[in-house]
Amino acid sequence: MKRSLIILLFGIFSSFTMMAQNTIIKGSVKDAVSFEPIPDVTITIEETQQSTLTDGLGEFIFSSNVPLGEQVLKISKTGYETKRYPIIVNEGGVVNITDMTLEIDITGAQDLFTITLSDDELNDDTSGADNISGLLSSSLDVFQRTAAFEFSSSFFRIRGLDSDNSSVLMNGIEMNKMYNGRPQWSNWGGLNDMMRNQVLATGLSASEYNFGGILGTSNIITRASSYRKGSRITYSSSNRSYTNRAMVSYASGLMEGGWSYAFMVGRRWGEEGYQDATLYDSNSFFGSVEKKINDKHSINFTSIYTPNRRGKSSANTQEVYDLKGIKYNEFWGNLDGEQRNSRIKEVEEPILMLNHYWDINSKTTLNTNVGYQFGKIGNSRLDYAGGVNPSPAYYQNLPSYFLEDDDLAGAYEAQQEFINDGQIDWERIIDANLTNNISGASAAYVLYEDRNDDKQLTLNTIFNTELNDNILLNGGINYKRLDSENFAQIIDLLGSTTGALNVDSFSQNQFDLNNPNQVAFEGDKFRYNYNIYANELKGFAQAQFKYNKIDFFVAGSITKTDYQREGLYKNENQISYIDGVEYDNSFGKGDKLEFTGIGAKAGFTYKITGKHLLNFNGGYITKAPSIRNTYTNSRESHDYVGTINGVDNPNINITEEKITSVDASYIFRSPIVKAKLTGYYTTLEDANEISFFFTQGSTTGFIQEVLSGVNKEHFGGELGIEAQVTPTIKLKGAASVGQYTYSNNPNLYVTSTSDDFTTSETDENGNLTDTVNTSGVVSTSNLENYKVAGGPQTAYSVGFEYRDPDYWWFGATANFFDNAYIDISPLSRSTEFYTDVDGLPYNDYDPEVADELLKQEKFASYMVINLVGGKSWKIKDKYIGFFASVGNLLDKEYKTGGFEQGRRADYRALRDDVSNDTRVFGSKYWYGRGANYFLNVYLRF
């Protein structure tokens, strides 16, 4: 009995001893002004990189594997200034830091979306310049921040990659479009205050929400309870994308009964941005309501509606810029004393989301989401089936066209007319239609819209569980269903009362044989009409392991994707005859295309000390090509990459794209200096690229150029460094040095319904028996070692920031860019370039001249100086402040991108064109903005 009592007392004593030795760090975080608790603040022990989030009361605790000795706690949350607290941890002790405070980050009010949200495009309406790939990666990492704020205006792409290589989520729901894999940023444009709460996973690092892409994952959280309680009123003025902006937002915080809500309304508008006649007309509405049912369950509903209209600007040849300057835009003209832009992009796609959050226990959560998005995207343009090309910059209206024939008088007259006017003549267009009304002829001109009306349903569930203090498991299942209606619709008959004849003006074939000689009026569909149906089912699983000296993770995913086209028009251009039997490749449902994608990635971080860390990541991903790069001309036919006129091409096989990527980083952190140096290597294989343009040379016509099996190689390094040299002065720098090249000679073929590509045979009675389309012949495009276009491949930034204790601040950066290249014409690098109509090489072909003609243009290097500063006043419990930024202070003119025109893609035509003092079909370019500004004033209470 005595012995048992001794054992019991020893056990109790041991338990108390163990509890006494249980080392704990705990505390709470509150708003410096309102002193309200701040939830979802990230608390990180810098030595081990252990992190946790504050709860609804702003409290946190570390109770396992707590490092001893001198430590630093980093306290961070989007919208607040990051703080670092030194502490001393003794074994068995409790470090209790209550009521730590965070101040509003007055520099964080910068308008991310103003800097990057533009409608710049390279060579068509769908392959946008995409200079915003780094937007949602603007984390506390100095390189990512620099790429977003300093490099983006130069069309810089992180690692030379498009934004379809990153995943943008909202409450766990992926927002990337199935059409091209990219986010439609304007779907939530103007809602800055509501989009700042983000969880970021850069590159191949682990994300708790999905598998992600090689550029990482950004999850925008719109839970009503996650917003800081209070109101904000903002007014902005700029000469970038719009001239005025007004925003009002309010969040209730968590109220009694478990309810919380947040809303925002905003408007952005202006007659024109930096380019001429680029109107901006956008309204933004946001609402989020959350009900905390109990400690385990919460439901949140979010609605977003941001209808917006923007006037587009044109890419121009150097001849045009020399005559009219870098603000020139060919798409507009004056009508009744007002600017009217013929190219308007209108986006109206509301988003509805319902999210259920289930805290199964303290270590396991399940997040289930339903998202539905619907609406329209419209891109307007002029159709001139019965008239001449209305573009004032059409090549036949420019001096170079006349100089080619040594017509000096004609060149001078064209020059003066273009300099003095050079805009669309709307009155002449209307007069032409009025004249046709008198004779009963169809409209010579109409304004129409290319429409995409999408309905997308997304369902997913995301599971997270902490098995123990060291192991975290994540997983999820996601399903998407897209029904996409695609058609052209007349929006203005421009004075015509006779309507537009639905007939191809080039071939004189019917756009819809089921409704021949249709006359279309305002609001009617014409030219093309089809649906795309797409389904995507994917799942991922991930395990994260965290220890004192090493963290690592492994993740895998699998994705099933299918596409199917349904033609609603029977296009006569797609009718062929074999032995007198008609074959239609346009009406009804085409083949269902199915793809299987897999993904695997892993990474680890080795903590040499609290100051020195090494990080390594690697991944392999296969994914379905986007809808954009699957169908070769979905407006007319069922054809996809590898088929022509509905027949499989034995030399081409559409397949999944394959991506391999590795990176390695050295990270240094001290109380004064933070630095990260990264090297990366990425290969992209079996990609497709499809473009559309008019060509003239050995063959003439409107063609679809199809590249398949495209391989690219991207490698380089990134550096970000900042030093807090005094309590008020911070120095910062960033560098990106890369080389992005084509690494093979991909397959190339062109398709067209032009007469140059089609021959017909008839019987003795004149009946059509066979049609033979000679397009679709596969050749090779010699692209290997050419540079991939897409912004500068070298970028440097140095700058400083001064923060005065009296709430004002100022910063300046110098940014240097180099190694940007023109987007080359693949057709010019194929056998089409040197082959005559008889299939033999040109007899006057000179290889040395050809090499010079095909040399890729490299843009001149340039430097841009940017300034930014602001001031904030704290009046009782309110903040009043402003900030202003000036971009390109020295008004430097520089090319950000461009593309070779493919109209003269053969040796003789290109040689003769280049021999002119001013090329008729020179490359078209985009120029960056000259000196520009953004001013923002706000009141927060």
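Just so it is clear, the model here is predicted, and its values are computed rather than measured. (Residues numbered from 1 in each chain as written. Predicted model: local features only at pLDDT ≥ 70, side-chain atom pairs only at ≥ 80, totals over all residues. Heavy atoms only, no water.)

## Considering the pairing of strand β19 (residues 332-335)
The side chains of a regular strand alternate between both faces of the sheet.
Then step 1. In terms of strand pairing, β19 meets strand β20 (residues 338-341) through four bridges, oriented antiparallel. In the strand pairing of β20, Gly-333 is matched with Arg-340.
Then step 2. The antiparallel pairing of β19 with β20 creates a hairpin that spans two residues between the two strands, and Asp-336 there sits at a positive phi of about 55°. (Pairing = 2+ DSSP bridges. Helix = DSSP H or I, 4+ residues; strand = E, 2+ residues; numbered from the N terminus.)

## Examining the sheet that holds strand β11 (residues 216-220)
To summarise the sheet geometry, strands pair through backbone hydrogen bonds and adopt either a parallel or an antiparallel arrangement.
Then step 1. With mixed pairing, four strands are arranged side by side in an open sheet as β9-β8-β11-β10. Each edge of the open sheet is held by one strand with a lone partner, namely β9 (173-174) and β10 (198-202).
Then step 2. With two bridges connecting them, strand β8 (residues 167-170) and β9 associate as antiparallel partners. Bridge pairing links Leu-169 to Glu-174 in β9.

## A look at the nonpolar core
It is characteristic of soluble globular proteins that their nonpolar side chains tend to be buried jointly.
Then step 1. Counting 31 residues, the largest nonpolar core has Tyr-742, Leu-827, Phe-833, Tyr-907 and Tyr-925 as the members making the most contacts within it.
Then step 2. Grouped together as the second largest cluster of nonpolar side chains are 28 residues, Met-178, Leu-493, Phe-526 and Ile-654 included. (Core = buried A, V, L, I, M, F, W, Y, C linked by side-chain atoms within 4.5 Å. Buried < 20%, exposed > 50% of the residue type's maximum accessible area, 1.4 Å probe, protein only.)

## Section: a negative patch on the surface
Then step 1. On the surface, a cluster of negative charge is contributed by Glu-271, Asp-336, Glu-338, Asp-405, Asp-406, Asp-407, Glu-413, Glu-417, Asp-421, Asp-425, Glu-427 and Asp-431.
Then step 2. Contributions of two or more residues to the negative patch are made by α6 (408-420) and α7 (426-439).
Then step 3. When you line up the elements, Asp-336 lands in the loop between β19 and β20.
Then step 4. Residue Asp-336 is classed as exposed on the basis of its relative accessible area of 70%. (Patch = residues over 30% accessible without salt bridge, like charges linked within 9 Å, V, L, I, M, F, W, Y side chains within 5 Å. Areas by Shrake-Rupley, 256 points an atom, 1.4 Å probe, with all protein chains shown as cover. Salt bridge = Lys/Arg side-chain N within 4 Å of Asp/Glu carboxyl O. Lys, Arg positive; Asp, Glu negative; His and termini not counted. Charge placed at Lys NZ, Arg CZ, Asp CG, Glu CD.)

## A closer look at the pattern of salt bridges
Then step 1. Per the stated rule, a full pass over the model turns up 46 salt bridges.
Then step 2. Notably, a salt bridge pairs Glu-722 with Arg-145, separated by 2.9 Å at the nearest N-O pair. Linking Glu-722 in strand β38 (residues 701-724) with Arg-145 in helix α3 (residues 142-151), this pair joins segments that are 577 residues apart in sequence.
Then step 3. Judged by relative accessible area, which is 9%, Glu-722 ranks as buried.
Then step 4. Where Asp-383 meets Arg-527, a salt bridge forms, and the shortest distance between an N and an O atom there is 2.7 Å. With Asp-383 in strand β23 (residues 364-383) and Arg-527 in strand β28 (residues 525-546), this residue pair connects regions lying 144 residues apart in the sequence.
Then step 5. Among the residues examined, Arg-527 registers a relative accessible area of 25% and is labelled partly exposed.
Then step 6. Here the salt bridges share partners, and the residues they tie into one network are Asp-836, Asp-844, Arg-908, Arg-911 and Asp-912.

## Brief notes about the packing of aromatic side chains
Then step 1. What the rule picks out here adds up to 35 aromatic pairs.
Then step 2. Ring plane angle 65° and centroid distance 4.6 Å describe the contact between Tyr-321 and Tyr-927, whose orientation is recorded as edge-to-face. Of this pair, Tyr-321 sits in helix α4 (residues 318-324) while Tyr-927 sits in strand β49 (residues 924-927), and the two are 606 residues apart along the sequence. Comparing Tyr-321 with Tyr-927 shows no difference in burial state: the two are buried.
Then step 3. Ring-pair connections join several aromatic residues into one group, and the members of that group are Phe-151, Phe-156, Phe-817, Tyr-862 and Tyr-894. (Phe/Tyr/Trp six-rings, centres within 6.5 Å; stacked < 30°, edge-to-face > 60°.)

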